[in-house]
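Listed below, chain by chain, are the residues.
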Amino acid sequence: DAKTTQPPSMDCAEGRAANLPCNHSTISGNEYVYWYRQIHSQGPQYIIHGLKNNETNEMASLIITEDRKSSTLILPHATLRDTAVYYCIVRVGPSGNTPLVFGKGTRLSVIA
Amino acid sequence: DGGITQSPKYLFRKEGQNVTLSCEQNLNHDAMYWYRQDPGQGLRLIYYSQIVNDFQKGDIAEGYSVSREKKESFPLTVTSAQKNPTAFYLCASTSWKGALFFGSGTQLSVL
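J.: How would you sum up the state of the cysteines? Please name residues and give values.
T.: As used here, a disulfide is simply a covalent bond connecting the sulfur atoms of two cysteines. Counted according to the given criterion, the structure contains 2 disulfides over all chains. Here C22(A) connects covalently by a disulfide to C88(A), the sulfurs 2.1 Å from one another. Between C22(A) and C88(A), the disulfide has an S-S torsion of -80° and is therefore left-handed. Remark: C88(A) occurs in strand β8 (residues 84-92) and C22(A) occurs in strand β2 (residues 18-23); sequence separation between them is 66 residues. The partner cysteine of C23(B) in its disulfide is C91(B), sulfur to sulfur 1.9 Å. Taking the sign of the S-S torsion, -75° for the link of C23(B) and C91(B), the bridge is left-handed. Of this pair, C23(B) sits in strand β3 (residues 19-25) while C91(B) sits in strand β9 (residues 87-94), and the two are 68 residues apart along the sequence. Comparing C23(B) with C91(B), the two get one shared label, buried. With no disulfide of its own, C12(A) lies 18 Å from the sulfur of C22(A), the closest cysteine sulfur.

Okay, here's the thing in structure tokens:
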């Protein structure tokens, strides 16, 4: 699976959009981009995933560049409860059962 | 409600003792996983199982053992050979979308 690069930490003002970047320059054509977040002392929570089109659900939006070498997770109106570590992962999917490899992610702090 | 249940939430191990962490899911997922997380670090894969009666080692399998006798259950045993077992242990299973669903974790500490 391709490797991802994320900034170690970011701050965001409450109510503003949080834009979390992820670089995956070695992504291959059949690899999806997945995003998870982990609130302290809890298991990671699935947020969203995509292949090449932009995706949106009730939690977030995922913007993937045309060359698929990077992506951005957008939390449109960040709240204090969005403070967490956010992980960007690429892997072959969606039906594959191979493990996801987690890096250190981005620690997002939402500030009042 | 469907989900993944890990127990216990906190566990203490004495020197030389084996301990077993429980993981049960009622999501009808085929694949299940065990990850270890140390403070301030990402998740590292210990073992995974794609189907009943079959499992594979992950990146840090030494000192751990697993079994998969039932689809719903994937217990992890931390053996005495694991010299640094203190960590947060997370169990997960995979949906048809490839998304992982995690349990709430077990914090293991050494007495």
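That shown, we press on.
J.: Provide a residue-level description of the sheet that holds β8(A), including the pertinent values.
T.: Residues and elements named next belong to chain A. With mixed pairing, 5 strands are arranged side by side in an open sheet as β1-β9-β8-β3-β4. A strand with exactly one partner marks an edge of an open sheet, and here the two such strands are β1 (9-13) and β4 (45-50). The average undirected angle you get between the axes of adjacent strands in this sheet is 25°. In this sheet, strand β9 (residues 106-111) lies alongside β1 in parallel orientation, the contact comprising 5 bridges. Bridged to M10 within β9 is L108.

J.: So what about the interface of chain B and chain A? Which residues, and what values?
T.: If you look at the interface, chain B gives 22 residues, while chain A gives 21 residues. Summed over both partners, the interface of chain B with chain A comes to about 1700 Å²; 55% of that surface belongs to carbon and sulfur atoms. The interface formed by chain B and chain A includes 0 salt bridges. At the boundary of chain B and chain A, one finds 4 residue pairs in polar contact (both at pLDDT 80 or more). Looking at the side of chain B that touches chain A, the elements with two or more residues in it are β4 (32-37), β5 (43-51), β9 and β10 (100-102) of chain B. Sort the elements by how many residues they give to the side of chain B that touches chain A and β5(B) lands first, with 4 residues. Taken together, the residues of the side of chain B that touches chain A break down into 12 nonpolar, 8 polar and 2 charged.

J.: Give a detailed account of unusual backbone geometry, specifying residues and quantitative values.
T.: Trans is the common state for peptide bonds, and a negative phi is the common state for residues other than glycine. Backbone torsion omega between S7(B) and P8(B) reads -10°, so that peptide bond is classified as cis. Positive phi, normally seen in glycine, also occurs at S41(A), with a value near 65°. Relative to the assigned elements, S41(A) resides in the loop between β3 (31-38) and β4. Judged by its relative accessible area of 42%, S41(A) is partly exposed.

J.: An account of the environment of F74(B) is needed here, citing residue identities and associated values.
T.: Residues and elements named next belong to chain B. Residue placement: F74 occurs in the loop between β7 (64-66) and β8 (76-78). Given the relative accessible area of 0%, F74 is considered buried. Considered as a pair, F74 and A92 are 18 residues apart in the sequence and their alpha carbons are 9.6 Å apart. Contact partners of F74, with chain neighbours within four places excluded, come to C23, M32, Y33, W34, Y47, Y48, S49, F55, V66, S67 and R68.

J.: Pulling in residues and values, what's your account of the packing of aromatic side chains?
T.: Summed over the entire model, instances satisfying the criterion amount to 11 aromatic pairs over all chains. Judged by centre distance (5.9 Å) and plane angle (75°), the rings of F102(A) and F102(B) are edge-to-face. Of this pair, F102(A) sits in the loop between β8 and β9 while F102(B) sits in strand β10, which puts the two residues in different chains. Consider the rings of Y33(B) and Y48(B), whose centres lie 6.1 Å apart with planes at 20°: the pair is stacked. Taken together, the residues Y33(B) in strand β4 and Y48(B) in strand β5 connect sequence positions 15 residues apart. Y48(B) shares its class with Y33(B); the two are buried. In this structure an aromatic cluster arises from ring pairing among Y36(A), Y46(A), Y87(A), F102(A), Y33(B), Y35(B), Y48(B) and F102(B). Just above the ring of F74(B) sits the side chain of R68(B); from NZ or CZ to the centre is 6.0 Å.

Analysis parameters
- Residues numbered from 1 in each chain as written.
- Chains lettered and ligands numbered in written order.
- Predicted model: local features only at pLDDT ≥ 70, side-chain atom pairs only at ≥ 80, totals over all residues.
- Heavy atoms only, no water.
- Disulfide = S-S within 2.5 Å.
- Helix = DSSP H or I, 4+ residues; strand = E, 2+ residues; numbered from the N terminus.
- Buried < 20%, exposed > 50% of the residue type's maximum accessible area, 1.4 Å probe, protein only.
- Pairing = 2+ DSSP bridges.
- Axes fitted to C-alpha atoms, helices over the stretch in contact; angles between N-to-C directions.
- Contact = heavy atoms within 4.5 Å.
- Buried area = accessible area lost by both parts, 1.4 Å probe.
- Salt bridge = Lys/Arg side-chain N within 4 Å of Asp/Glu carboxyl O.
- Polar contact = N/O pair within 3.5 Å; in protein donor to acceptor, adjacent residues only side chain to side chain.
- Nonpolar A, V, L, I, M, F, W, Y, C, P; charged D, E, K, R; others polar.
- Phe/Tyr/Trp six-rings, centres within 6.5 Å; stacked < 30°, edge-to-face > 60°.
- Lys NZ or Arg CZ within 6 Å of the ring centre and 35° of its normal.

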